[in-house]
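# Residue-level structural notes
Residues per chain are reported as follows:
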Amino acid sequence: MLCTGARLMGAPLLSVRHLSTEFRTERGTVKAVDDVSFDLAAGETLAIVGESGSGKSVTAMSILRLIPDPPGRIVAGEVVFDGRDLLKLEDHEIRAIRGNRIAMIFQEPMSSLNPSLTIGLQIAEPINLHRKTPWAAAMNMAADLLARVRLPDAKSRLKSYPHQFSGGMRQRAMIAMALACQPQLIIADEPTTALDVTVQAQILALLKEVTRAANSALILITHDLGVVARYADRVCVMYGGRIIETGPAREIYARPRHPYTIGLMASVPRLDQATGTRLVPIDGQPPNLANLPPGCAFAPRCRNAVDRCRVERPALVKSGPEHLSACHFHDQLSA
Amino acid sequence: MTSSAPDAILSELVLEVSDLKVHFPVMAGAVMRKQVGSVKAVDGVSFNVRRGETLGLVGESGCGKSTTGLAVLKMLDITSGQVVFEGEDISGYDRARMRPIRRRMQMVYQDPFGSLNPRMKVAAIVGEPLEVHGMAADRAVYRARVASLLDMVGLLPDMADRYPHEFSGGQRQRIGIARALALEPSLIICDEPVSALDVSIQAQVVNLFQELQERLGLTYIFIAHDLAVVRHISHRIAVMYLGRIVEIASRVDLYARPLHPYTVALLAAIPIPDPEIEATRPQQIIAGEVPSAMRPPPGCRFHTRCPKAMEVCKSVDPPMRTFDDGRAVACHLHGA
């Protein structure tokens, strides 16, 4: 059993255990998510960080059972949310949770909004559906929600269609929709990647503010180490379908205990760094999930790798009070 | 590791752009087509680039940074203004007269998937500029040149006979860079060359750009929306907003002493990957989004979002003021 530190509030809101999701492709079975476990407390912000193909989005989709089958399939694990294993629920039961107690915000708001329905209708729909609120009252609530995400002229915007909105406004509408049923958990998958820099900052600040006000937990999926540093309480770093390091954000940045995390931090330029310094890239390419090495997935790119790393897959073990690392040499690393 | 590149470059000018404008007509009507307006994608931009220097162009979508790059290469018709390249005014040059110039000005694109012909082998892609410009007559010399280009960007000799789909995004960008280097250009315009790449691969390509600059004395215009990457690679940075340059500063001044409120806002919007620093950093997030380039606001184009806007900003367009140390800003707060 994996332990992410003592929780004063008792059982976590979400407890993911040994989650594995596979995709069957022409080139064989791909383990997109492999034995992933983590906990999330009420009101907490957890960032899942990784590069493309690391399994961060598939992890999020698996929690809500949004993996298209075929080709995908959740092959093992538990996703215990508020005491119930979501993976064991009937279809109608999981539908009663999606958009109601767990809401999701996607990267591209244009493709997750229905282009032929007004914004107001789309925000009021989950309220009407899950809470059985009459339409007129649900529309009033939708107007309040749009005002809460600081969309100008909220009331008159109810009748707008998605194409009449800018990218930032659409993402505000998506957040309003996510908040509609006061979810205990919001999962945001790269919610600002498609937006301009100043709008990104607005949307993330808004997301953080509204989740804090509602005491909702937030899973923020991102590739941006800056976003993680600004908004996350805790971090899971994923590589090759597995969590390779996890812990409180400050701890991970101050004392990274996995060569991949250390490498990632050295390879990103920072605004505050002295000029004339060189980045230290990670050599090689991200792993091919259809053909993972038997040992540590990062071993082919790791400067510290020894023979043991190439044959024996490191387990995620304790490296500090609330810090876990999947490196054989986690206690001998220095950033 | 510290690179030998100095913060300030004082060599001769490779490129001088003055009051460049690129306006796109907006047409309406199916039968009686007429112009109903114009998108002022680039609207009075002036800057210069010295040999061996990297000038960063940074800004949000619609600021005109990519259009500026294409206009300098004359891949778009310029509406007015002057582009002087290596002392030659190329503003009025047609396609035929641009052909010899293009040997000395090359481009590296954002999309390493769309910019390489999938049916050509890597050797043919990298060597194509040599063929086009009649520099492939001696096949032995040609093959040796292609091999040395691949080596220069860190690709192995046996990769020459493979097709683009066999390569990762980072490797494809290396192929694009090798192709840009083939004709030994004096200026390379890089349009978002690392934004499609994964974080760990970005650093490899950024370092390659810097190494090549030191070895070959290359001059770059580096266009990107990521201010942290732009600041890292550039000696000077021009910040653009709605078709205008609002500030030009050295990479040191840009972060330490930004003058234009938009530069301040852009810096504040970018988180620093360190939770300790972020916890104490003032969060000055500006409201609103970039207005349409078809109807830019009167006066200063940034006044609708500017936290420091004054009455004068709503009506008077602030001129660009250049200081003795070479930095420049277009803002009434820093007027004469």
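Whatever comes next refers back to the structure up there.
Here goes a summary of the coordinates provided. The structure presented is a predicted model; accordingly, all values stated were derived computationally and were not measured.

## Some thoughts on the overall build of chain B
Along the backbone of chain B there are ten helices and twelve strands. Taking 2.2 N^0.38 as the reference for a compact globule, 336 residues should give roughly 20 Å; the C-alpha atoms of chain B span a radius of gyration of 21 Å, in line with that estimate. Seen through its C-alpha atoms, chain B measures out along the principal axes to roughly 70 × 60 × 40 Å. Classification of the 336 residues of chain B by burial places 47% in the buried group. Once local pairs closer than 6 in sequence are excluded, the contacts in chain B between residues at least 24 apart make up 63%.

## Some thoughts on helix H4 (residues 139-152) of chain B
All names here are of chain B. For H4, spanning 14 residues, the distance from its first C-alpha to its last is 20 Å, which sits close to the expected 20 Å at 1.5 Å a residue. Taken residue by residue, H4 has Val146, Leu149 and Leu150 as its buried positions. Down the axis of H4, the buried set is contained in an arc of 100 degrees. They therefore lie on one face. Away from its buried face by more than 90 degrees, H4 exposes Ala140, Val141, Ala144, Ser148 and Asp151. Taken together, the buried residues of H4 touch helix H3 (122-132) and helix H5 (169-181).

## What about the sheet that holds strand E2 (residues 28-40) of chain A?
Residue and element names in this part refer to chain A. The four strands lie next to each other as E2-E1-E4-E5, forming an open sheet whose pairing is antiparallel. Either end of the sheet is taken by a strand with one partner, and the two such strands are E2 and strand E5 (84-85). Two elements, strand E1 (residues 14-25) and E2, share nine bridges in a ladder whose sense is antiparallel. Residue pairing for E2: Leu19 is matched across the bridge by Val36.

## What to know about the sheet that holds strand E5 (residues 88-89) of chain B
Residues and elements named next belong to chain B. Judged by pairing direction, the sheet is antiparallel, and its four strands sit side by side in the order E2-E1-E4-E5 without closing on themselves. Whereas interior strands pair on both sides, the edge strands pair on one side only; in this sheet they are strand E2 (34-50) and E5. Note: strand E1 (residues 13-28) against strand E4 (residues 80-85), five bridges, orientation antiparallel. If you follow Leu15 over to E4, its bridge partner there is Phe85. Of the strands in this sheet, E1, E2 and E4 touch helix H1 (residues 65-72), which is tilted by about 115 degrees from E1.

Conventions we followed
Residues numbered from 1 in each chain as written. Chains lettered and ligands numbered in written order. Predicted model: local features only at pLDDT ≥ 70, side-chain atom pairs only at ≥ 80, totals over all residues. Helix = DSSP H or I, 4+ residues; strand = E, 2+ residues; numbered from the N terminus. Rg over C-alpha atoms; globule rule 2.2 N^0.38 Å. Buried ≥ 20, exposed ≤ 12 C-beta atoms within 10 Å, placed from the backbone. Contact = placed C-beta atoms within 7 Å. Expected span 1.5 Å × (residues − 1). Arc of directions from axis to C-beta. Pairing = 2+ DSSP bridges. Axes fitted to C-alpha atoms, helices over the stretch in contact; angles between N-to-C directions.

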